[in-house]
Amino acid sequence: MNTMETVTPPTATKAYLASLPERAARALVAISGGFVYEMTTHMLPAGVRHARLYQATIERLLRILVEGVGGVQGVFVAEGLPLNDLVVRKAAGNAVELASFLAVGWSPVWLLAAVADITGGTRLYLQTLVGELEASGALPTGIRIDSFEGLLSALEGSSGTLAD
């Protein structure tokens with residue numbers, strides 16, 4: 001009788017060893033995505049990070065990689081959209097985007113995101129301009145101006161008062 005019998009590992013150990021490559025790949029994706037996310041958080045200005053174009057192209061992809069593939073939760077601020085819904089929307093959006101690239105050579109998704117960013121930038125510019133005009137005395141302080149039409153009306157009133 002042979003006292004040295006070969007012991008085979010249990011099935012749980014085999015499954016664990018078989019899943020090592022997948023888990024290593026997931027960990028690498030989570031680490032890489034987390035690194036890129038942290039770098040963009042600290043190196044890009046807040047205006048760029050909050051821009052629709054950045055959110056549509058980079059931030060949501062990083063969320064899918066880190067939370068979906070890597071399985072790391074709590075890195076991203078909850079945007080109200082569950083990860084599964086985000087993956088479905090991102091896949092559908094990428095299909096539309098690819099089709100538009102092939103058909104016309106540009107993406108309407110990027111165009112719409114850029115338009116949203118320009119609109120937001122225009123609002124910020126208006127607020128800065130109103131602040132400068134108030135500081136210089138061209139506009140009375142305390143007037144609430146929400147549009148360029150409102151700014152022109154306020155300037156018309158100030159100019160009319162000065163002309164009188």
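See the structure above.
Residues numbered from 1 in each chain as written. Predicted model: local features only at pLDDT ≥ 70, side-chain atom pairs only at ≥ 80, totals over all residues. Heavy atoms only, no water.

**Q** Whenever I open this one, the environment of Ala114 confuses me. Can you help?
**A** Within the secondary structure, Ala114 sits in helix H5 (residues 108-136). A relative accessible area of 28% places Ala114 in the partly exposed class. Separated by 63 residues in sequence, Ala114 and Ala51 place their C-alpha atoms 8.3 Å apart. (Helix = DSSP H or I, 4+ residues; strand = E, 2+ residues; numbered from the N terminus. Buried < 20%, exposed > 50% of the residue type's maximum accessible area, 1.4 Å probe, protein only.)

**Q** Sorry, what's going on with the layout of surface pockets here?
**A** Picture a little ball the size of a water molecule; that probe, rolled over the atoms, points out where space is still empty. In this structure, the largest pocket spans a volume of roughly 390 Å³. Together, 16 residues line the largest pocket, and Ala56, Arg60, Lys90, Gly93 and Val109 are the ones closest to its centre. Listed by contribution, the elements that provide at least two residues to the lining of the largest pocket are helix H3 (52-69), helix H4 (83-104) and H5. Element by element, the count of residues in the lining of the largest pocket is highest for H4, at 6 residues. Across the lining of the largest pocket, the residue classes break down as 8 nonpolar, 3 polar and 5 charged. (1 Å grid on protein atoms, 1.4 Å probe; cavity = no way out; pocket = protein on both sides within 12 Å on 5 of 7 lines; lining within 4 Å. Points joined across faces, edges and corners; volume = space filled by probe spheres on them. Nonpolar A, V, L, I, M, F, W, Y, C, P; charged D, E, K, R; others polar.)

**Q** I'm lost on a nonpolar patch on the surface in this one. Help?
**A** Taken together, Phe35, Val36, Met39 and Met43 make up a surface patch of nonpolar side chains, about 410 Å² in accessible area. Checked against the element boundaries, Met39 lands in helix H1 (residues 11-43). (Patch = residues over 30% accessible without salt bridge, like charges linked within 9 Å, V, L, I, M, F, W, Y side chains within 5 Å. Areas by Shrake-Rupley, 256 points an atom, 1.4 Å probe, with all protein chains shown as cover. Salt bridge = Lys/Arg side-chain N within 4 Å of Asp/Glu carboxyl O.)

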